[in-house]
Amino acid sequence: MSKKSVSKPDVAVLPRHVAVVMDGNGRWAQRRFLPRSSGHKFGVDALKRIVRRCIELGIGHLTVFAFSSENWSRPAEEVQTLMGLFIQALQRESAELARQGVRLRIVGDLSAFSPEMRDLIVQAEELTRSNDRLVLNVALNYGGRWDMLQAAQALHSAGEAPTAAGIERHLALRHSPDPDLLIRTGGERRISNFLLWQIAYTELYFTDTLWPDFNAQSLDEALVDFSSRQRRFGGVPEANPRAAA
Ligand code: FPP
């Protein structure tokens, strides 16, 4: 018997795949008269908490939006801080993720990153590749429109006629099921070019909690809310072919 008992949220149905727009780091820092970069640093801690909670609950896939195709337009100093944080996290956290049974996947247009960062990504993915407790997809330089376009271009290059199945074979998240639940923290209620194709039937959950404050209990609240949703996938309640087990 495990020493530490894990209290489970009272839910009938857990999502297989949770996606998160981690918003509110800057405001969290500004409210404390700290630089925005400090909010991002605390954001990394929040991500670690959520990874642990997903593992405890047996959620198989977690996808987080860490840097969008549009985030390059932020002040150079903030972009630099974020790149530094990603590099640091890849260097410092990969071994712990591997120990926890996490398979790390970095998804997005990686051609924009430095060779150092690309090497670290390859190493971290390699180190965690045999794990299957949780697939952690970190979206970096990612945009939903970019994803669909690159999938269509890949089909075109292969001389294949476009089909939905063909596009899905080339999307950045082809190794994960479509998200069942998308959480956005920080009070905004939009998708901001995150997973556009993959969220066709995803349940959306918005919370005012700023990302650095998001914790296991916040995730549990989102899961309880998800559990009460009636998913119909365009059909009728009885015909629900893809409900998460
Ligand atoms: C949005 O908050 C957050 C980001 C653009 C960065 C998210 C990155 C992290 C949480 C770090 C993740 C780290 C790793 C290693 C994956 P915002 O800055 O837009 O906040 P605001 O809306 O309050 O200004």
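Read on for an overview of the structure. Please read these numbers as outputs of a predicted model, since none were measured by experiment.

## Things to note about the site of the ligand
Next up, step 1: Not every one of the 19 residues close to the ligand is listed here, only the nearest: D23, G26, R27, R36 and R74.
Next up, step 2: A distance of 2.7 Å separates an oxygen atom of the ligand from a polar backbone atom of R27.
Next up, step 3: Burial of the ligand by the surrounding chains reaches 90%, relative to a free accessible area of 630 Å².
Next up, step 4: Here the shell around the ligand gets five residues from one element, more than from any other, and that element is helix α2 (residues 36-57).
Next up, step 5: A breakdown of the residues in the shell around the ligand according to their chemical character gives nine nonpolar, six polar and four charged.

## A few points about the pairing of strand β1 (residues 17-21)
Next up, step 1: In terms of residue burial, β1 counts as a mostly covered element, since five of its five residues are buried.
Next up, step 2: Residue alternation in β1 divides its side chains into two sets, H17, A19 and V21 and V18 and V20, and both sets are buried.
Next up, step 3: Note: β1 against strand β2 (residues 61-68), five bridges, orientation parallel. If you follow V21 over to β2, its bridge partner there is F65.
Next up, step 4: Inspection of the sheet shows β1 paired to strand β5 (residues 181-184) by four bridges, in the parallel sense. Pairing of V18 across the sheet is with L181, part of β5.

Cut-offs used in this document
Residues numbered from 1 in each chain as written. Predicted model: local features only at pLDDT ≥ 70, side-chain atom pairs only at ≥ 80, totals over all residues. Heavy atoms only, no water. Near = heavy atom within 4 Å. Polar contact = N/O pair within 3.5 Å; in protein donor to acceptor, adjacent residues only side chain to side chain. Areas by Shrake-Rupley, 256 points an atom, 1.4 Å probe, with all protein chains shown as cover. Helix = DSSP H or I, 4+ residues; strand = E, 2+ residues; numbered from the N terminus. Nonpolar A, V, L, I, M, F, W, Y, C, P; charged D, E, K, R; others polar. Buried < 20%, exposed > 50% of the residue type's maximum accessible area, 1.4 Å probe, protein only. Pairing = 2+ DSSP bridges.

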